[in-house]
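What the coordinates show
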Amino acid sequence: MIDALHGVRVLDLTRILAGPYGTLLLADLGAEVIKVERPGAGDDTRRTGPHFVAGESLYFLSVNRGKRSVALDLQRPEGRAVLRDLAAGCDVVVENFRAGVAETLGCDAATLRAASPRLIVCGMTAVGRDGPDAREPAFDLTLQARGGVMSLTGHPGAEPARCGVPIGDLAGGVFAALAVCAALHRRNATGEGAFIDLALLDCQVSLLSYFATNWLMAGAEGAPQGSGHAGAAPYQTFAARDGHLAVAVFTDAFWAPFCAALERPMWLGDKRFETNLARCAHRDALVPMVAEVIAGETRARWMERFRAHGVPASPVQRVSEVCADPRVIARGMITETLHPAAGVVRSPSHPFRFEGVPDRPGAAAPALGADTDDVLQRIAGYSEAHLAALRSVGVIA
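Here we summarise the structure given alongside this text.

**Structural notes on the layout of surface pockets**
If a probe the size of a water molecule is rolled over the atoms, the empty space left behind becomes visible. Empty space within the largest pocket amounts to approximately 1200 Å³. In this structure, the largest pocket is lined by 34 residues; those nearest its centre are L58, S62, V63, S347 and P348. For the lining of the largest pocket, the elements supplying multiple residues, two or more each, are helix 1 (18-28), helix 2 (58-63), helix 14 (319-323) and strand 13 (343-348). Class assignment of the residues belonging to the lining of the largest pocket gives a composition of 24 nonpolar, seven polar and three charged. Estimates place the volume of the second largest pocket at around 570 Å³. Counting residues per element, the lining of the second largest pocket draws most heavily on helix 9 (residues 209-218), at three residues. For the lining of the second largest pocket, the residue count by class is eight nonpolar, 10 polar and one charged.

Dropping the structure here:
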């Protein structure tokens, strides 16, 4: 973690993936993140498999690194009172309840900011807080479907495919962290807090980028391209003798080096392939020709040639290969934290690199309720007697 957000305190009411990933990024940037969980159960992902180490879910450990855990029952009025006391001592509150739930629990922006106008509240919902379907349940799969991503993923003529990484959730987390940082900057300038109304569907629509603009301005509907690209050729994966690799001839500047790497100088004189537009128009002729050549050598041999000629290319790596990639290791993208039950936990690190700001080791994901007493004493000012009383009736754990 780095100390870019040192001194910022975040009350994290999120669970599953979208919200926890966003608050993970804030924790990696140096914020103190206090995760509020249900006593006895915690975040749903504490029980999400299929992989566990010493009874600890790797799913949970992967996105809750560096946070503190407070076990607090928000279904009870006493628990909601504790939550308000905690919020008063924080800079940011992030929640991803279904629309209307935050209001029921008394942790909505209007309630919390009435007591603390400088507070920044980021409320994450699936599709927004208004409209007839605002309270319908949604998950990453349905967000990818409704947001158009699935219509662009997969191979032509095949069934719609889900993006391999849960982009519906993860993109929401990234946008949430970005919005919180922007709100903190604005508060530094104006002294005012903010309510951030973040809908995960909006995030997916934003990611449609030029695909949506192509439709809105030219009436061109996007379609699955497999590993290819509608506006560039050859720009896709090809099967070598021992596995697949990706080649990205995205502009005409790479066409001659590509032909040189394949030892096919005669292609440079073929009018069907003179420009990228021409290559796209004659893709059905070009791709089989390229595929036949690449099939004759190993990935390593092709990578030698492509590197020698400056052609953008890469082996298609499995997750296991990525985690062992020398460049990934050199960039410090695999981090290790020490968990009291699971031991050393290895997981992807954050991508932030600030010149002159050291990147120091962070803490592992917390055990359920591990920080309840410390947080409530330090931030809410509760006495030992007060804590004992709350614990005796099951409000905290």
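**Some points on empty space enclosed by the protein**
Under the counting rule described, the total for this entry stands at one cavity of 30 Å³ or more. Estimated volume of the largest cavity: approximately 40 Å³. Together, L61, R65, T337, V345, S347, A364 and A365 line the largest cavity. Of the residues that constitute the lining of the largest cavity, the class distribution is four nonpolar, two polar and one charged.

**Thoughts on the sheet that holds strand 10 (residues 243-248)**
Read across the sheet, three strands follow the order 9-10-11 without closing on themselves; strand pairing throughout is antiparallel. The sheet terminates laterally at strand 9 (235-240) and strand 11 (313-315), the two strands that pair on one side only. In this sheet, adjacent strand axes meet at a mean angle of 25 degrees when their direction is disregarded. Sheet analysis places strand 10 next to strand 11, joined by three bridges and oriented antiparallel. Within strand 11, the residue paired with A246 across the bridge is S314. The sheet strands contacting helix 12 (residues 283-294) are strand 9 and strand 10, and the helix crosses strand 9 at an angle near 35 degrees. Strand contacts of helix 13 (residues 299-309): strand 9, strand 10 and strand 11, with the helix running at about 20 degrees to strand 10, the strand carrying the most contacts.

Conventions and cut-offs
Residues numbered from 1 in each chain as written. Predicted model: local features only at pLDDT ≥ 70, side-chain atom pairs only at ≥ 80, totals over all residues. Heavy atoms only, no water. 1 Å grid on protein atoms, 1.4 Å probe; cavity = no way out; pocket = protein on both sides within 12 Å on 5 of 7 lines; lining within 4 Å. Points joined across faces, edges and corners; volume = space filled by probe spheres on them. Helix = DSSP H or I, 4+ residues; strand = E, 2+ residues; numbered from the N terminus. Nonpolar A, V, L, I, M, F, W, Y, C, P; charged D, E, K, R; others polar. Pairing = 2+ DSSP bridges. Axes fitted to C-alpha atoms, helices over the stretch in contact; angles between N-to-C directions. Contact = heavy atoms within 4.5 Å.

Shape is all these values report; function is a separate question.
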